[in-house]
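The residues making up each chain are set out below.
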Amino acid sequence: MRFQTSFAAVLLNTLGATATWTAYQEYLSGLPAHVSKHQSPRPAITFKPKQPFEKFPKSPSRGRTCYVQGHNDLKTDDSPYILDAVNKCNNGGRVIFPQGTTYVIGTALDLSHLEHVDIDIQAYIQFSNDTDYWQANSFFQTFQNATTFFELGGTDVNVYGGGMLDGNGQIWYDLYAQNIYILRPILFGTIGLHSGSVSNLKLRYSPQYYNFIANSTDVVFQGIDISGFSQSSALAKNTDGWDTYRSSNIVIQNSVINNGDDCVSFKPNSTEILVQNLHCNGSHGISVGSLGQYPGSYDIVENIEVYNISLSNATDGARIKVWPGTASALSGDLQGGGGSGRVNNITYEDLSITNVDYAIEVTQCYGQKNLTLCNEFPSNLTITNVKISNVHGTTSKKYDPISGYVVCSSPTVCSNITLEDIALVTPSGVENEFTCGAVDESLLHGINCTTLNKGSN
């Protein structure tokens, strides 16, 4: 332990205090006085108070154990050692990254073939800062040009252990400030996983999203600690906590997220998703969407339940964002509009709000600042059967006296949007005043609707 602390101090003096070494110091500070080589017990999976939409398959115990070797020098690529251990213990075993050790991943890892395996991460794992390599070799996920450092997929896979994954994000934040078209890898790619869990991990400084869940079913995330902000003038952008895509029966629960974009975002064809017991700080809220981005695509987000969420210092709390029916540009690297689909059966319940710009936002003009043009070309995507209840707290001064925004592009594409038990106060003391448009205001219980247009985020 003394050696590790001394080694870290030398690195700090040599390289300067960067976000990466802040993460490493955090990891070291959390180690026990006596580091030991041991197996972590697999965390129990319980769902409280809400239950998932479908029961999860049981995961049997594992047999053989493979400890991952490594250089432990925070410099040399340890990917061959990782692949060797995974291949040896795949299909019935347990792969262990021992406590107090360090690994560098400098090669895109194809972990899509896993079967009945546990991955016990007690170590500090850092992804290399070779941005040229990662742009050329990370796994391309197609949607919104997303890429991932690795693909974790297969059947019956559990990842846990209390260790830390460090995305080495600062170099990416600075590079993105110079060129918005670079491909920034996502820290944790759950791609094509059917039955599994990801528990008790610290995720730090992702270049882009922290988690991307695609083409997966029956996966639970719990006890995840997410944090990472830029330490330069370049902002850490698009650092969503989780994005779900073409996935169903996913649970995200009992986690803490400090980031600068969506805490959780339900992307196209996310169904039967439960999100509960989260603390989100600095985020863009719990978001449905964005949807309807690509013409010719039919996006579905349906059967979503969000419960017991604390949101602070955020742009949004509960949020539904849909592109209009015509081409729009939110930024140079994020454009869209004209797609179709549906948002249906969405529930937000028990949200605690502190210093949030819009506690509730529903917009079908995402990416389009010209509301006249948006109304001229209404969204092709319908929003139906949305219930948002028991949302309380204080909003920020940004839109004061407005604390919420519920505006559809046409009443023909929005129906049965219900708000009840809402108690929101702006800094000036105004309660429950919303911008409303093209919605049934009789279902917005206790809301003072105004046509005052402060605009959507």
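These numbers come from a predicted model, not from an experiment. (Residues numbered from 1 in each chain as written. Predicted model: local features only at pLDDT ≥ 70, side-chain atom pairs only at ≥ 80, totals over all residues. Heavy atoms only, no water.)

### A word on the sheet that holds strand S6 (residues 139-140)
Turning to step 1, where the next piece is worked out: Taken together, the three strands give an open sheet; going across it, the order is S6-S7-S10, and neighbouring strands pair in mixed fashion. Edge strands, defined here as strands with exactly one partner in the open sheet, are S6 and strand S10 (185-186).
Turning to step 2, where the next piece is worked out: Where S6 lies against strand S7 (residues 147-148), two bridges are found, and the strand directions are antiparallel. Counterpart to phenylalanine 140 in the pairing with S7 is threonine 147. (Pairing = 2+ DSSP bridges. Helix = DSSP H or I, 4+ residues; strand = E, 2+ residues; numbered from the N terminus.)

### A look at the pattern of salt bridges
Where side chains of opposite charge bring their charged atoms close, a pairing between them can arise.
Turning to step 1, where the next piece is worked out: Here the structure, examined in full by the defined rule, presents 15 salt bridges.
Turning to step 2, where the next piece is worked out: A salt bridge links glutamate 420 to lysine 387; the shortest N-O distance between them is 3.2 Å. Of the two residues, glutamate 420 sits in strand S25 (residues 414-425) while lysine 387 sits in strand S23 (residues 380-395), which places them 33 residues apart along the sequence.
Turning to step 3, where the next piece is worked out: Taking relative accessible area as the criterion, lysine 387 reaches 37% and is therefore assigned partly exposed.
Turning to step 4, where the next piece is worked out: Taken together, the shared-partner salt bridges connect Asp262, Asp316, Arg319, Lys321 and Glu361 into one network. (Salt bridge = Lys/Arg side-chain N within 4 Å of Asp/Glu carboxyl O. Buried < 20%, exposed > 50% of the residue type's maximum accessible area, 1.4 Å probe, protein only.)

### Some thoughts on the environment of threonine 244
Turning to step 1, where the next piece is worked out: Structurally, threonine 244 can be placed in strand S14 (residues 242-245).
Turning to step 2, where the next piece is worked out: With relative accessibility at 0%, the residue threonine 244 sits in the buried group.
Turning to step 3, where the next piece is worked out: Separated by 32 residues in sequence, threonine 244 and phenylalanine 212 place their C-alpha atoms 6.1 Å apart.
Turning to step 4, where the next piece is worked out: Beyond its immediate sequence surroundings of up to four residues, threonine 244 is in contact with Ile213, Ser265, Phe266, Lys267 and Ser270.
Turning to step 5, where the next piece is worked out: A polar side-chain atom of threonine 244 sits 2.7 Å from a polar atom in the side chain of serine 270. (Contact = heavy atoms within 4.5 Å. Polar contact = N/O pair within 3.5 Å; in protein donor to acceptor, adjacent residues only side chain to side chain.)

### Overview of helix H5 (residues 169-178)
Turning to step 1, where the next piece is worked out: Gly169, Gln170, Trp172, Tyr173 and Tyr176 are the residues of H5 that are buried. Taken end-on, H5 shows its buried residues confined to a sector of 160°, consistent with a single buried face. (Arc of directions from axis to C-beta.)

### Points about the packing of aromatic side chains
Turning to step 1, where the next piece is worked out: A full pass over the atoms with the stated rule returns 18 aromatic pairs.
Turning to step 2, where the next piece is worked out: With a centroid separation of 4.9 Å and an interplanar angle of 50°, the aromatic rings of tyrosine 24 and tyrosine 124 are classed as tilted. Taken together, the positions of tyrosine 24 in helix H2 (residues 19-29) and tyrosine 124 in strand S5 (residues 124-127) put the pair 100 residues apart, joining distant regions of the chain. Both residues of the pair, tyrosine 24 and tyrosine 124, count as buried.
Turning to step 3, where the next piece is worked out: Summarising the aromatic geometry, the rings of phenylalanine 97 and tyrosine 103 are spaced 5.1 Å apart at their centres and angled 85° between planes, so their arrangement reads as edge-to-face. Residue phenylalanine 97 shares its accessibility class with tyrosine 103, and that shared class is buried.
Turning to step 4, where the next piece is worked out: One aromatic cluster in this structure is built from Phe127, Tyr133, Trp134, Phe149, Phe150 and Phe188.
Turning to step 5, where the next piece is worked out: Over the aromatic face of tyrosine 307 sits the side chain of lysine 50, whose NZ or CZ is 4.9 Å from the ring centroid. (Phe/Tyr/Trp six-rings, centres within 6.5 Å; stacked < 30°, edge-to-face > 60°. Lys NZ or Arg CZ within 6 Å of the ring centre and 35° of its normal.)

### A look at the environment of leucine 201
Turning to step 1, where the next piece is worked out: Its place among the elements puts leucine 201 in strand S11 (residues 188-204).
Turning to step 2, where the next piece is worked out: Residue leucine 201 is classed as buried on the basis of its relative accessible area of 2%.
Turning to step 3, where the next piece is worked out: For leucine 201, the residues in contact, after removing those within four places along its chain, are Ile121, Val159, Tyr160, Gly161, Gly162, Gly163, Phe188, Gly223, Ile224 and Asp225.

### Looking at the environment of glycine 367
Turning to step 1, where the next piece is worked out: As for its placement among the helices and strands, glycine 367 is situated in the loop between strand S22 (340-363) and helix H6 (371-376).
Turning to step 2, where the next piece is worked out: The exposure class of glycine 367 is buried, given its relative accessible area of 10%.
Turning to step 3, where the next piece is worked out: In the structure, glycine 367 is positioned 30 residues away from glycine 337 in sequence and 8.2 Å away in space, judged by C-alpha atoms.

### Details of the nonpolar core
Turning to step 1, where the next piece is worked out: Counting 104 residues, the largest nonpolar core has Phe97, Phe266, Leu278, Ile286, Ile417 and Leu419 as the members making the most contacts within it.
Turning to step 2, where the next piece is worked out: Phe143, Ile191, Phe212 and Tyr245 belong to the second-largest nonpolar core, a separate cluster that totals eight residues. (Core = buried A, V, L, I, M, F, W, Y, C linked by side-chain atoms within 4.5 Å.)

### Description of the side chain of serine 206
Turning to step 1, where the next piece is worked out: For serine 206, the location among the structural elements is in the loop between S11 and strand S12 (211-214).
Turning to step 2, where the next piece is worked out: Its relative accessible area of 0% is what places serine 206 among the buried residues.
Turning to step 3, where the next piece is worked out: There is a polar contact of 3.3 Å between the side chain of serine 206 and the backbone nitrogen of leucine 187.
Turning to step 4, where the next piece is worked out: In terms of polar contacts, serine 206 uses its side chain to reach the backbone carbonyl oxygen of tyrosine 209, at 2.6 Å.
Turning to step 5, where the next piece is worked out: Non-local contacts of serine 206, meaning those with residues more than four positions away in its chain, are made with Gly167, Gly169, Tyr173, Pro185, Ile186, Leu187 and Thr239.

### Points about the side chain of serine 265
Turning to step 1, where the next piece is worked out: Here serine 265 lies in strand S16 (residues 264-266).
Turning to step 2, where the next piece is worked out: For serine 265, the side chain forms a polar contact with the side chain of lysine 267, separated by 3.4 Å.
Turning to step 3, where the next piece is worked out: Side-chain polar atoms of serine 265 contact the backbone oxygen of glycine 289, separated by 2.5 Å.
Turning to step 4, where the next piece is worked out: Ignoring sequence-local partners within four residues, the contact set of serine 265 consists of Asp240, Trp242, Asp243, Thr244, Ser287, Gly289 and Ser290.

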